[in-house]
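# Structural overview
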Amino acid sequence: MGQDGALPRRFFGTLNPVRRIPQNNVLLIGAIVLIGSLAMSYQLGTELLNYGALLAFMGVNVASAVLAWRTKDSNPWLPILLSRSGFVVCFFLWLNLGPTARWAGTAWAVLGIALWLVRRNQMAADKQFTSPS
């Protein structure tokens, strides 16, 4: 995401010249994980992890159902039914996460969406400013 400009390229897009890994990202995530492991319980940490994972799995199930619907198969109902069942199970598990995890995960998701919107508008403004007329 740093290489593509979705996150600030100056920090997140920098690669270690020898190992060719995003060294700043690795160090930042390591610091966040260390602070989080010292600041919260194991249960809250796993619930926060599952918040994102279950949300992603719900998205995959929706995408799978849409793909099955759009294909020209004669009977797309089995894949759609399986996708809906997977979504319902993930949604039920997601609803049963603790309230702290739901609030923190939602705040994190809203922050991510806000950052995406800001970066998207900045990139559009930069493109408009630099494009030849």
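Small disclaimer: the values here were computed from a predicted structure and weren't measured.

### Things to note about helix α4 (residues 77-95)
End to end, α4 covers 26 Å across 19 residues, agreeing with the expected 27 Å (1.5 Å per residue, within 8%). Taken as a whole, α4 has its buried residues at Ile80, Ser83, Gly86, Cys90 and Trp94. Buried residues of α4 fall within an arc of 130° about the axis and therefore sit on the same side. Every exposed residue of α4 that faces more than 90 degrees away from the buried side is listed here: Trp77, Leu78, Leu81, Leu82, Arg84, Val88 and Phe92.

### Digging into the nonpolar core
If you look at soluble globular proteins, the nonpolar side chains tend to sit buried side by side. Judged by nonpolar contacts, Tyr51, Leu54, Met58, Cys90, Trp94 and Leu97 together constitute the single largest core of six residues. The set of elements that each furnish at least two residues to this core consists of α3 (42-70) and α4. A per-element tally of this core places α3 first, with three residues. In contact with Cys90, not counting residues within four places along its chain, are Leu54, Phe57, Met58 and Asn61.

### Some points on the environment of Leu34
When you line up the elements, Leu34 lands in helix α2 (residues 23-39). Taking relative accessible area as the criterion, Leu34 reaches 52% and is therefore assigned exposed. For the pair Leu34 and Arg70, spaced 36 residues apart in sequence, the C-alpha separation works out to 45 Å.

### Here's the deal with the side chain of Ser83
Looking at the element boundaries, Ser83 is found in helix α4. Taking the relative accessible area as the measure of exposure, Ser83 reaches 5% and is therefore buried.

### What about the side chain of Asn61?
Following the sequence through the fold, Asn61 ends up in helix α3. Asn61 gets classed as buried once you look at its relative accessible area, which sits at 16%. Among all residues touching Asn61, those that are not within four sequence positions of it are Ser83, Gly86, Phe87 and Cys90.

Reading the values: rules and limits
- Residues numbered from 1 in each chain as written.
- Predicted model: local features only at pLDDT ≥ 70, side-chain atom pairs only at ≥ 80, totals over all residues.
- Heavy atoms only, no water.
- Helix = DSSP H or I, 4+ residues; strand = E, 2+ residues; numbered from the N terminus.
- Expected span 1.5 Å × (residues − 1).
- Buried < 20%, exposed > 50% of the residue type's maximum accessible area, 1.4 Å probe, protein only.
- Arc of directions from axis to C-beta.
- Core = buried A, V, L, I, M, F, W, Y, C linked by side-chain atoms within 4.5 Å.
- Contact = heavy atoms within 4.5 Å.

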